[in-house]
Amino acid sequence: MNHRVTSNWLTQRIAGIPEAHNIPGMTAGIALPGGNVVTAATGLADLETGEAMRPDHVMQAGSTGKTFVAASATDLVLSGDLDLDAPIGTWLADAPWFDDLAHRDAITPRLLLTHRSGLVEYLGQPEFTPLHAARIATDPDRPIRTDESLPIAVAAGPLFAPGEGFSYADTNYLLIGLIIEAISGRTYEAQVTSRILEPNGLTGGILPATQRAIPDLASSYLAQPIFGLPEKCSENGVLAMHPLTEWTGGGMATRAGDLARWGWLWFGGRALSGAYDMIAEAERGSGVIEADGADWRYGMACEIRLSPGPRLIGHRGWFPAFQSVLAYKPSLDMAVALQFNRVPSVPDMYGLAESILDEAAAL
């Protein structure tokens, strides 16, 4: 059915996108029914040197990495080690900031995974930018870890009582990362590698990012300054922002082909040995996303379009200065991952991803 979906076809399909959106370059991967993957790249990996983008170039995946966090949490649910509806104090009560956390007894892992805890985004608080700017100026290899970032969010106070609203925040997933480590007795990176990446054969093209130097990393560019970062946010394979500052808010360096295969596995219900349904929370309407008049909901690390048209499931990602989108269409049993090395990139990433999936299916 998909014998015409080749790397040459995909290369031609994406060829004009960087120029149209003032992006240096991009990579793309499509996972076809059955799991075979087609990859392509176009444009430049570095504007100054003129290096061409390759399909095996790596980029920071931003919040698409939350899907791996949710998978790690779900794995612990299936093993009976994590109760999604238990208060987070079960694991985090000894944290130095915990007693100052509003509604601490009402916040659960389920509410964290679906951004319904009421916690604010620590990255958006006024204290974060000067802290980060000073760090990259004086000690760039020391990330801002949770003992510094979480007190910022806690001090800001809640946006709403747990369960009474929806507000997307990396803060939620930092807490999930700490819970995963408390239960497993290992680092999150060790847990996600042994329990998620290795069983699914993804260690070659998906890497938990723990240092600024990353093999095969493309250069990346910001259109507007943020967090005290330079316009060129990665150069010669080194990130300006330490990836452990993002940690379980994302945390993955990926190749587009491997990310597409992950989307086919995870959103298609194939990634774990037990049965799971990360979409159920979205179908219950737990988190309503305002987006172009369509009915978009947020589940456990998935954005899902319930209507109009066929269901689309995915997640978008941003990390200075990379953007990405991972999308899976159940009616086609196909997934696509697109990665860009400039922020902002394509305004409607889901629209582009879905059009590529539909065109590939038509072949």
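Structure shown above.
As the structure is a prediction and not an experimental result, all values here were calculated from the model.

1. Quick look at the sheet that holds strand β16 (residues 342-343)
The strand order across the open sheet built from 4 strands is β8-β7-β6-β16, with neighbouring strands paired in mixed fashion. Edge strands, defined here as strands with exactly one partner in the open sheet, are β8 (238-239) and β16. Across 2 bridges, the pairing between strand β7 (residues 232-235) and β8 is antiparallel. Residue pairing across strands places serine 234 opposite leucine 239, the latter belonging to β8.

2. Comments concerning the side chain of threonine 146
For threonine 146, the location among the structural elements is in helix α7 (residues 146-156). For threonine 146, a relative accessible area of 15% translates into the label buried.

3. Regarding the nonpolar core
The tendency in soluble globular proteins is for nonpolar side chains to be buried side by side. Ile30, Phe68, Trp97, Trp262, Trp266 and Leu338 are the most contacted members of the largest nonpolar core, which totals 119 residues. If you tally residues by element for this core, the top one is helix α13 (residues 349-362), at 8 residues. Here tryptophan 266 is in contact with Thr67, Ala70, Ala71, Thr74, Ala271, Leu272, Tyr276 and Met278, once residues within four sequence places are set aside.

4. With respect to the sheet that holds strand β5 (residues 206-208)
On the basis of which strands lie adjacent, the open sheet formed by 3 strands has the order β4-β9-β5 and antiparallel pairing. With one partner strand each, in any of the chains shown, β4 (59-60) and β5 form the two edges of the open sheet. Across 3 bridges, β5 lies against strand β9 (residues 252-254) in antiparallel orientation. Bridge assignment links leucine 207 to a residue of β9, and that residue is alanine 253.

5. A word on the pairing of strand β13 (residues 312-319)
Counted residue by residue, β13 has 6 buried out of 8 residues, so it is predominantly covered. The loop that links strand β12 (residues 303-307) with its antiparallel partner β13 comprises 4 residues; one of these, glycine 309, has a positive phi angle of about 80 degrees. When β13 meets strand β14 (residues 322-329), the two strands line up antiparallel, connected through 7 bridges. Residue pairing for β14: isoleucine 313 is matched across the bridge by tyrosine 328. Counting the residues in the hairpin turn of β13 and β14 gives 2 residues.

6. Comments concerning the packing of aromatic side chains
Ring pairs (aromatic) are described by centroid distance and by the angle formed between their planes. What the rule picks out here adds up to 11 aromatic pairs. Judged by centre distance (6.2 Å) and plane angle (75 degrees), the ring pair of phenylalanine 227 and tryptophan 318 falls under edge-to-face. Placement of the pair is phenylalanine 227 in the loop between β6 (220-222) and β7 and tryptophan 318 in strand β13, with a sequence separation of 91 residues. Residue classification places tryptophan 318 among the partly exposed positions, given a relative accessible area of 28%. Ring centres of tryptophan 262 and tryptophan 266 lie 5.7 Å apart, and the angle between their planes is 5 degrees; on these two criteria the pair is classed as stacked. Taken together, the residues tryptophan 262 and tryptophan 266, both in helix α11 (residues 256-266) and 4 residues apart, mark about one turn of the helix. Look at tryptophan 262 and you get buried, because its relative accessible area is 0%. On the basis of relative accessible area, tryptophan 266 is assigned to the buried category, the value being 0%. Through a chain of ring-to-ring contacts, the aromatic side chains of Phe68, Trp262, Trp266 and Tyr276 assemble into a single cluster.

7. Some remarks on helix α6 (residues 128-138)
Of the residues making up α6, those classed as buried are Phe128, His132, Arg135 and Ile136. Here the buried residues of α6 occupy an arc of 90 degrees about the axis, which is enough to place them on one side. Exposed and facing more than 90 degrees away from the buried side of α6 are Ala137 and Thr138. On its buried side, α6 packs onto α7 and α10 (243-246).

8. Let's talk about the packing of helix α1 (residues 7-14) against α13
Running from N to C, α1 and α13 cross one another at 145 degrees; their axes reach a closest spacing of 12 Å. The chirality of how α1 crosses α13 is right-handed. Only Leu352, Ser355, Ile356, Glu359 and Ala360 of α13 make contact with α1, whose side of the interface consists of Trp9, Leu10, Arg13 and Ile14. A class-by-class count of the residues in the contact of α1 with α13 yields 6 nonpolar, 1 polar and 2 charged.

9. Section: the pattern of salt bridges
Within the structure shown, the criterion is met by 22 salt bridges. With a shortest N-O distance of 3.2 Å, arginine 54 and glutamate 51 are connected by a salt bridge. The class for arginine 54 is partly exposed, based on a relative accessible area of 32%. Under the relative-accessibility criterion, glutamate 51 is labelled partly exposed at 34%. Notably, a salt bridge pairs glutamate 303 with arginine 316, separated by 2.8 Å at the nearest N-O pair.

Rules of the game
Residues numbered from 1 in each chain as written. Predicted model: local features only at pLDDT ≥ 70, side-chain atom pairs only at ≥ 80, totals over all residues. Heavy atoms only, no water. Pairing = 2+ DSSP bridges. Helix = DSSP H or I, 4+ residues; strand = E, 2+ residues; numbered from the N terminus. Buried < 20%, exposed > 50% of the residue type's maximum accessible area, 1.4 Å probe, protein only. Core = buried A, V, L, I, M, F, W, Y, C linked by side-chain atoms within 4.5 Å. Contact = heavy atoms within 4.5 Å. Phe/Tyr/Trp six-rings, centres within 6.5 Å; stacked < 30°, edge-to-face > 60°. Arc of directions from axis to C-beta. Axes fitted to C-alpha atoms, helices over the stretch in contact; angles between N-to-C directions. Left-handed = near helix turned anticlockwise from the far one by under 90°. Nonpolar A, V, L, I, M, F, W, Y, C, P; charged D, E, K, R; others polar. Salt bridge = Lys/Arg side-chain N within 4 Å of Asp/Glu carboxyl O.

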